[in-house]
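These are the residues of each chain, in order.
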There are 2 protein chains.
Amino acid sequence: MTKKRIYLNAFDMNCAGHYSAGLWTHPDDQASTYKDAEYWTHVAQVLERGRFDAIFIADVLGVYDVYEGSRDAAIRHGVQAPLNDPAFVVPIMAQATKHLGFGLTASTSHEHPYIFARRMSTLDHLTKGRIGWNVVTSYLKSASKNIGKENQIGHSERYAVADEYMEVVYKLWEGSWEEDAVVVDKEKGIYADPDKVHDIEHEGKYFKVPGAHLSEPSPQRTPVIFQAGASNTGQKFAAKHAELVFISTPTPQTTKQTIQSLRQEAEAAGRNPEDVKIIASFTPIIGETQEAADRKFEEYKKHISYEGALALFGGWTGIDFSGYDPDDKLEYVKSEAIQSVVENFTNADPTKEWTVREAAEFVGIGGLGHVEVGTPESIADAMEALVAIGIDGFNISYVISPGTFEEFVDHVVPVLQERGLVQKEYEEGTFRKKLFGNDRLPEHHTANQYRKQPVLV
Amino acid sequence: MTKKRIYLNAFDMNCAGHYSAGLWTHPDDQASTYKDAEYWTHVAQVLERGRFDAIFIADVLGVYDVYEGSRDAAIRHGVQAPLNDPAFVVPIMAQATKHLGFGLTASTSHEHPYIFARRMSTLDHLTKGRIGWNVVTSYLKSASKNIGKENQIGHSERYAVADEYMEVVYKLWEGSWEEDAVVVDKEKGIYADPDKVHDIEHEGKYFKVPGAHLSEPSPQRTPVIFQAGASNTGQKFAAKHAELVFISTPTPQTTKQTIQSLRQEAEAAGRNPEDVKIIASFTPIIGETQEAADRKFEEYKKHISYEGALALFGGWTGIDFSGYDPDDKLEYVKSEAIQSVVENFTNADPTKEWTVREAAEFVGIGGLGHVEVGTPESIADAMEALVAIGIDGFNISYVISPGTFEEFVDHVVPVLQERGLVQKEYEEGTFRKKLFGNDRLPEHHTANQYRKQPVLV
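Report follows, based on the coordinates. (Residues numbered from 1 in each chain as written. Chains lettered and ligands numbered in written order. Predicted model: local features only at pLDDT ≥ 70, side-chain atom pairs only at ≥ 80, totals over all residues. Heavy atoms only, no water.)

So, about the pattern of salt bridges. On inspection of all chains with the given rule, the structure shows 58 salt bridges over all chains. B:E407 is paired through a salt bridge with B:K296; the nearest N and O atoms lie 3.0 Å apart. Highlighted residues: B:E407 in helix α14 (residues 403-418) and B:K296 in helix α9 (residues 290-301), separated in sequence by 111 residues. Relative accessible area serves as the criterion here: at 18%, B:K296 is assigned to the buried category. For B:R419, the salt bridge identified is with B:D381, shortest N-O distance 2.8 Å. Of the two residues, B:R419 is situated in the loop between α14 and α15 (431-436) and B:D381 in helix α13 (residues 376-388); the sequence distance between them amounts to 38 residues. Residue classification places B:R419 among the partly exposed residues on the basis of a relative accessible area of 23%. Three or more residues are tied together by salt bridges with common partners; here these are A:D85, A:E111, A:R119, B:D85, B:E111 and B:R119. (Salt bridge = Lys/Arg side-chain N within 4 Å of Asp/Glu carboxyl O. Helix = DSSP H or I, 4+ residues; strand = E, 2+ residues; numbered from the N terminus. Buried < 20%, exposed > 50% of the residue type's maximum accessible area, 1.4 Å probe, protein only.)

Our focus in this paragraph is helix α6 (residues 155-175) of chain A. Look at α6(A): 29 Å from first C-alpha to last across 21 residues, which is about the 30 Å you get at 1.5 Å a residue. Of all 21 residues making up α6(A), 15 are buried, and the element is well covered by its neighbours. (Expected span 1.5 Å × (residues − 1).)

In this section: the packing of α6(A) against helix α7 (residues 232-241) of chain A. Residues and elements named next belong to chain A. It is the contact of α6 with α7, at a shortest axis distance of 10 Å, that shows an interaxial angle of 10°. The angle between α6 and α7 falls in the class roughly parallel. The handedness of the crossing between α6 and α7 is right-handed. Across from H155, Y159, A162, D163, M166 and Y170 in α6, the residues of α7 making contact are T233, G234, F237, K240 and H241. Among the residues forming the contact of α6 with α7, the class breakdown is five nonpolar, four polar and two charged. (Axes fitted to C-alpha atoms, helices over the stretch in contact; angles between N-to-C directions. Parallel < 35°, antiparallel > 145°, perpendicular 65-115°, else oblique. Left-handed = near helix turned anticlockwise from the far one by under 90°. Contact = heavy atoms within 4.5 Å. Nonpolar A, V, L, I, M, F, W, Y, C, P; charged D, E, K, R; others polar.)

The next subject is α13(B). Structural remark: α-helix, 3.6 residues per turn; residues separated by three or four positions point the same way. Residues and elements named next belong to chain B. For α13, built from 13 residues, the straight-helix expectation of 18 Å at 1.5 Å per residue is met to within 8% by its first-to-last C-alpha distance of 18 Å. Listed in full, the buried residues belonging to α13 are P376, I379, A380, A382, M383, L386 and V387. Taken end-on, α13 shows its buried residues confined to a sector of 155°, consistent with a single buried face. Once α13 ends, the next one or two residues include G390, with phi positive near 120°. (Arc of directions from axis to C-beta.)

The next subject is the packing of aromatic side chains. Geometrically, a pair of aromatic rings is defined through the distance of the ring centres and the angle of the planes. Overall, the coordinates contain 45 aromatic pairs over all chains when judged by the stated rule. Ring centres of A:F88 and B:F88 lie 5.4 Å apart, and the angle between their planes is 40°; this geometry places the pair in the tilted category. Separated into two different chains, A:F88 in the loop between α2 (72-76) and α3 (89-95) and B:F88 in the loop between α2 (72-76) and α3 (89-96) make up a pair that spans both. Judged on exposure class, the residue A:F88 and its partner B:F88 are both buried. Taken together, A:F11, A:Y19, A:F56, A:F226, A:F246, A:W316 and A:F431 form an aromatic cluster joined through their ring pairs. Against the face of A:F297 rests A:K301, its NZ or CZ located 4.4 Å from the ring centre. (Phe/Tyr/Trp six-rings, centres within 6.5 Å; stacked < 30°, edge-to-face > 60°. Lys NZ or Arg CZ within 6 Å of the ring centre and 35° of its normal.)

Residue and element names in this part refer to chain B. Taken across its five residues, strand β12 (residues 370-374) has four buried, putting it largely inside the fold. Sheet analysis places strand β11 (residues 277-286) next to β12, joined by five bridges and oriented parallel. Note on β12: the bridge partner recorded for F282 is H370. (Pairing = 2+ DSSP bridges.)

Shown next, in the form of structure tokens:
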């Protein structure tokens with residue numbers, strides 16, 4: 001490819017309804033079969049047929065319970081609840097594909113890094129190096145409460161914990177087992193040379209891990225680091241650690257602002273700003289003609305759950321919208337948290353006075369991410385326009401699954417391939433190799449300081 | 001089948017050397033490819049061909065570090081180190097089979113029950129009800145140290161924690177979501193009825209979990225409960241909770257004593273003693289003739305790692321054998337912990353004065369479990385004899401993998417099938433249905449008290 005290649009991820013979650021609240025009620029939607037291995041096998045094979053780089057699997061460890069001060073709306077409308085563990089669908093999809101990468105969400109707030117590090121190494125071994133980790137610090141109070149933490153620790157301390165968590169896992173993944181520690185010499189009877197296995201001797205504020213990593217080095221060692229940090233602290237964290245940063249912004253203007261800010265942070269953190277690839281949420285609604293696409297969009301809208309969308313929106317903003325009338329103007333919703341969100345809506349249509357109902361309908365298809373309704377060509381145009389303002393790739397969100405993915409693969413991917421914007425065939429090798437040309441994190445990444453020897457990239 | 005059917009499990013671990021220390025050096029052994037999905041796919045398919053009930057996957061979260069006060073011997077000889085997470089090989093094996101069950105080891109000491117409960121529910125969904133859980137409380141100090149617990153909590157408190165842990169997960173699995181809570185009604189737009197989803201409101205000494213289970217009910221709800229409790233407290237725990245109890249005893253005498261004691265505990269706990277199925281460790285070494293089997297046994301012995309076997313044995317007993325000469329008599333090893341072990345050896349051969357070297361050789365093939373060397377017929381005889389004293393089934397341990405499993409499936413299983421002792425075809429349904437005739441735990445199990453409604457078995 002002559003042009004910069006666009007990265008394509010799919011965005012999914014181990015539940016019936018991820019972003020588009022209530023759309024599981026659409027007759028063609030199969031996301032409510034998320035409990036079955038068959039759903040994941042099929043989705044993975046569709047994506048690999050479309051030469052997607054990866055599937056990014058979101059997760060939370062709680063229920064959205066701000067709307068009416070209860071989790072009832074989320075459960076009733078299947079809005080990210082019930083919700084299964086995202087990790088176990090990865091080996092299933094890996095067995096059904098050869099190249100597809102995996103961006104697995106896991107929180108630094110709920111599991112000890114010593115145990116978590118072995119989980120990721122195991123997955124990296126079993127998938128032959130196709131694992132990415134979406135680092136989250138967890139924002140739902142309902143999650144903290146259920147693991148016995150009465151008051152969730154504050155936002156900035158969560159990031160301090162996360163930062164030390166990263167240090168521990170980098171030490172385990174990068175600094176514990178030397179490259180040639182494992183020999184598996186049947187003649188001499190030596191499995192590994194213990195002198196080349198190092199205790200990490202970590203003693204920090206939040207964690208104390210004296211020993212060595214339990215797993216031998218996996219193909220990538222550290223999984224490809226994803227992060228979705230919208231806040232200021234989140235952006236600093238992403239700029240330091242992340243290789244792929246996921247943003248969810250509804251308009252080109254907000255997208256552009258976020259990209260600039262992220263690249264500045266990366267530069268401030270001593271990295272090449274281009275080392276951080278920025279991936280935008282993008283929900284395509286595809287028709288043979290613009291009219292057909294518009295009709296499809298209108299039909300999808302009928303399946304939005306008003307309560308479900310506000311349960312999600314309320315969880316993100318902390319605002320209980322049940323106290324407002326659907327026709328109340330959004331600007332009357334008194335809350336600091338809403339301001340940036342209102343700006344998003346205002347940017348989407350500055351002449352419009354948004355009501356709560358309209359906001360629910362807006363969020364109900366594709367969440368706060370970019371939604372594009374059109375022909376395969378016009379959707380490719382929109383993607384190309386976003387790339388022109390600095391986006392490196394997309395998290396393709398579904399309205400209905402696997403329908404949205406199938407339509408995108410069958411109709412939009414060929415257009416993008418024709419334009420030389422996405423790959424027609426996979427490169428060989430690990431997920432990081434496919435993305436960045438190397439199996440291992442580069443030397444200028446912060447993890448490098450924990451290595452005992454030069455990295456083999 | 002007219003006779004009581006014998007349950008057959010395979011015993012494996014996500015590492016190169018499970019029980020038979022050093023045997024990964026055998027030219028035919030492939031256990032050192034444990035990092036690859038292909039190893040697990042193959043093992044699972046061999047076992048399903050042999051109509052095994054399940055594969056039981058052991059785990060520890062530390063390294064054996066008693067020998068020479070260091071983890072070096074374990075790492076050098078690949079003795080349960082390095083060691084990957086056991087959970088992720090389950091979906092891989094499930095995709096490669098249709099009926100095989102899974103006994104997954106997980107500790108009640110390392111992960112919060114609210115998070116763990118979702119993991120198991122997810123696996124039970126994805127495998128269509130083929131999950132078992134081997135409940136361990138963790139005995140390795142090296143594990144506690146690395147998750148920041150300087151001093152491992154005492155044995156009896158570990159079981160108190162485990163008991164409350166079970167209460168929490170039973171409440172989540174059995175008492176949170178009613179049988180008809182999930183409706184997935186696309187017409188009415190109702191995914192689940194929130195009034196039929198109950199917050200468990202657990203407030204105990206060790207855990208506080210106010211909310212509802214994150215996952216909807218899986219085919220078995222509670223996974224089939226395995227336990228391996230040799231201690232007195234362990235046996236009481238098993239008698240209360242376990243459906244399959246794994247014992248590892250080298251002789252019929254010790255086996256018989258352990259069975260009697262377990263059945264008495266089950267009765268004391270108010271259960272039908274026969275509801276607890278007892279599974280013995282059994283390592284078969286199979287030849288066409290007795291002489292061929294003996295030769296194979298001698299050849300295997302050459303691959304035992306002396307240091308590796310004592311690293312394992314030292315981890316189990318807490319004794320650092322590096323301070324003793326290989327020719328020292330075992331009875332000179334001064335330690336209370338050794339007494340019951342010495343009794344095992346004495347029972348195996350009461351006329352013999354065991355040396356440390358001989359003990360290493362004994363442990364080096366099949367650990368402390370029953371080892372049988374012979375023809376398919378004589379091995380079937382030995383199994384039948386163990387069944388006659390009260391054993392319900394076997395954990396078949398490998399000397400070399402998958403060789404031991406393949407030979408057992410190809411040569412011993414047909415003999416057992418011919419005698420009507422093991423199944424020729426699988427029953428349909430979940431793991432528990434295949435074992436006990438019901439998908440769900442029976443009403444007289446302790447979990448029943450946490451149900452909000454009668455169980456659908």
